[in-house]
Amino acid sequence: MASSPLHGLQFPKCHFLSLKSKFDPLLHFPSHSILTIPATNTRSSLVTDTDSDRKEVQAIEVDSFACPICYEPLIRKGPSGLNLSAIYRSGFNCKRCRKSYSSKDKYLDLTVTSGLEYNEHQPILTELFRSPFVSFFYERGWRQNFNLGGFPGPEEEFKMAQDYFESAKGGCLVDVSCGSGLFSRKFAKSGTYSGVVALDFSENMLRQCYDFINKDDTLLKANLALVRADVSRLPFASGSVDAVHAGAALHCWPSPSNSVAEISRILRSGGIFVGTTFLRYSSTTPMIVRSFREIVARTNSFLTEQEIEVLCMSCGLINYTSKVHQSFIIFSAQKP
């Protein structure tokens, strides 16, 4: 992998990247001294003087990636940084649950069932997007058909999202249900954010995302991480994320209310949530079409404009805004 760890770099607003240690690396501590590492995302090199020989202890970092079981910040062992190389070479564990997480594949698996020989039955749409066939064709014809429902196309959607994310510049952005990383890659290449996390439950979508990244040297060097996680059990500390994007995703979630509540939990004060989805119907939809879409909505989480706004407000978000074209809606809401 062409990327290298970003040792020594500082990203003040990005809680996933380590700050420079506050301890002088040349400072000696007596052998009887006890040094406590503060519970922050700080990487420190501990040096001891034993038999006149200094021995460097492996650096340990408390990360803002959190255990999906208890939400305790994970302890990272390995190189700092949000890039693919650093995360691949790092190990993560939860002291409370005594569970370890690693990126043995091309992504970091932070699901509850990570590393277990245990499978649960998932909803039809969830299993559909885990298919290697759908993952491969998502950007090769599948996503292009969204324009039939009023979607303006990826470039225009990206520009619209960037406008909403104006206040999140320089912060960390999590692209939930990222699919093959269509927008994750755009966010990362824009240079607007100090870190981007491409997150999806589908293993094959993340593998496809990695294949796209691997063909672009700029992305290989970018602060872009691939994480497998459940949108209703997000592996981040509360109040640790500056922006969350969910492109064409809400209608695929088994429980939109649980997912939006989780997004609200991880957003910091002032953080922005931006999403796009298909509406069940809009104010301009003919009544005869509405009846048909009510039937379709029974198998999908297609919501109305009003339901999306109520959902965001009920999960503690404010300043809701939206734009609608046919069945397409882009909306934003803010954490107080």
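Residues numbered from 1 in each chain as written. Predicted model: local features only at pLDDT ≥ 70, side-chain atom pairs only at ≥ 80, totals over all residues. Heavy atoms only, no water.

- The protein is annotated in an unreviewed UniProt entry as Methyltransferase type 11 domain-containing protein from Stylosanthes scabra.

1. Some remarks on a nonpolar patch on the surface
No. 1: Together, F133, F136 and F137 make up a nonpolar patch on the protein surface, roughly 300 Å² of accessible area in all.
No. 2: Mapped onto the elements of the fold, F137 is located in helix α3 (residues 132-142). (Patch = residues over 30% accessible without salt bridge, like charges linked within 9 Å, V, L, I, M, F, W, Y side chains within 5 Å. Areas by Shrake-Rupley, 256 points an atom, 1.4 Å probe, with all protein chains shown as cover. Salt bridge = Lys/Arg side-chain N within 4 Å of Asp/Glu carboxyl O. Helix = DSSP H or I, 4+ residues; strand = E, 2+ residues; numbered from the N terminus.)

2. Points about the sheet that holds strand β8 (residues 195-200)
No. 1: Strand order in the open sheet made by the 8 strands is β6-β9-β8-β7-β10-β11-β13-β12, with mixed pairing throughout. Either end of the sheet is taken by a strand with one partner, and the two such strands are β6 (108-109) and β12 (318-325).
No. 2: With 7 bridges connecting them, strand β11 (residues 267-278) and strand β13 (residues 328-334) associate as antiparallel partners. Counterpart to F273 in the pairing with β13 is A333.
No. 3: Packing against the sheet, helix α5 (residues 182-190) makes contact with β7 (172-175), β8, β9 (224-228) and β10 (241-246), and its axis sits at approximately 175 degrees to β8.
No. 4: Of the strands in this sheet, β8 and β9 touch helix α6 (residues 203-214), which is tilted by about 165 degrees from β9. (Pairing = 2+ DSSP bridges. Contact = heavy atoms within 4.5 Å. Axes fitted to C-alpha atoms, helices over the stretch in contact; angles between N-to-C directions.)

3. Remarks on the environment of S194
No. 1: By secondary structure assignment, the location of S194 is in the loop between α5 and β8.
No. 2: Residue classification places S194 among the buried positions, given a relative accessible area of 9%.
No. 3: For S194 and L224, which are 30 residues apart along the polypeptide, the C-alpha to C-alpha distance reads 9.2 Å. (Buried < 20%, exposed > 50% of the residue type's maximum accessible area, 1.4 Å probe, protein only.)

4. Concerning the confidence of the model for the protein
No. 1: Across the protein, pLDDT averages 83, with 77% of residues at or above 70.
No. 2: Counted against residues more than four places away or in other chains, residues 1-12, with its pLDDT under 50, gives 31 contacts. (pLDDT = per-residue confidence, 0-100.)

5. Topic: the pattern of salt bridges
No. 1: A full pass over the atoms with the stated rule returns 14 salt bridges.
No. 2: The residue E157 makes a salt bridge to R143 at a minimum N-O spacing of 2.9 Å. With E157 in helix α4 (residues 154-164) and R143 in the loop between α3 and α4, this residue pair connects regions lying 14 residues apart in the sequence.
No. 3: Here E157 falls in the buried class, since its relative accessible area comes to 3%.
No. 4: Close ionic contact of R228 with E203 constitutes a salt bridge, the shortest N to O distance being 3.3 Å. Residue R228 is found in strand β9, and its partner E203 is found in helix α6; the two are separated by 25 residues along the sequence.
No. 5: By relative accessible area, which is 6% here, R228 ends up buried.
No. 6: A single network of salt bridges, built from pairs that share partners, joins D109, E127, R130, E203 and R228.

6. Some details on the state of the cysteines
No. 1: Overall, the coordinates contain 0 disulfides when judged by the stated rule.
No. 2: Here C178 stays unpaired: no disulfide links it, and the sulfur of C209, its closest cysteine neighbor, is 5.3 Å away.
No. 3: Taking relative accessible area as the criterion, C178 reaches 6% and is therefore assigned buried.
No. 4: Here C315 stays unpaired: no disulfide links it, and the sulfur of C312, its closest cysteine neighbor, is 7.2 Å away.
No. 5: Taking the relative accessible area as the measure of exposure, C315 reaches 16% and is therefore buried. (Disulfide = S-S within 2.5 Å.)

7. Comments concerning the packing of aromatic side chains
No. 1: One pass over the full model with this rule turns up 17 aromatic pairs.
No. 2: Relative to F236, the ring of F65 lies with its centre 5.8 Å away and its plane at 35 degrees, an arrangement referred to as tilted. With F65 in strand β2 (residues 53-66) and F236 in the loop between β9 and β10, this pair connects stretches of sequence that are 171 residues apart. In terms of burial, F65 and F236 fall into one category: buried.
No. 3: Aromatic side chains Y320 and F331 sit 6.2 Å apart centroid to centroid with 20 degrees between the ring planes, which places their arrangement in the stacked category. In this pair, Y320 is assigned in strand β12 and F331 in strand β13, connecting sequence segments 11 residues apart. Residue Y320 shares its accessibility class with F331, and that shared class is buried.
No. 4: Each member of the aromatic cluster is reached from another via a ring pair, and the members are Y138, F146, F151, F278, F302 and F328.
No. 5: Here the basic side chain of R185 rests over the ring of F212, its NZ or CZ set 4.3 Å away from the ring centre. (Phe/Tyr/Trp six-rings, centres within 6.5 Å; stacked < 30°, edge-to-face > 60°. Lys NZ or Arg CZ within 6 Å of the ring centre and 35° of its normal.)

8. Concerning unusual backbone geometry
No. 1: Phi at R98 takes a positive value of approximately 55 degrees, unusual for a residue other than glycine.
No. 2: With respect to the helices, strands and loops of the structure, R98 is situated in the loop between β4 (91-94) and β5 (99-102).
No. 3: Here A248, not a glycine, exhibits a phi torsion of approximately 45 degrees, which is positive.
No. 4: Among the structural elements, A248 can be located in the loop between β10 and α8 (256-266).

9. Re α4
No. 1: Within the span of α4, buried status applies to E157, F158, M160, A161, Q162 and Y164.
No. 2: On its buried side, α4 packs onto α5, β10, β11, β12 and β13.

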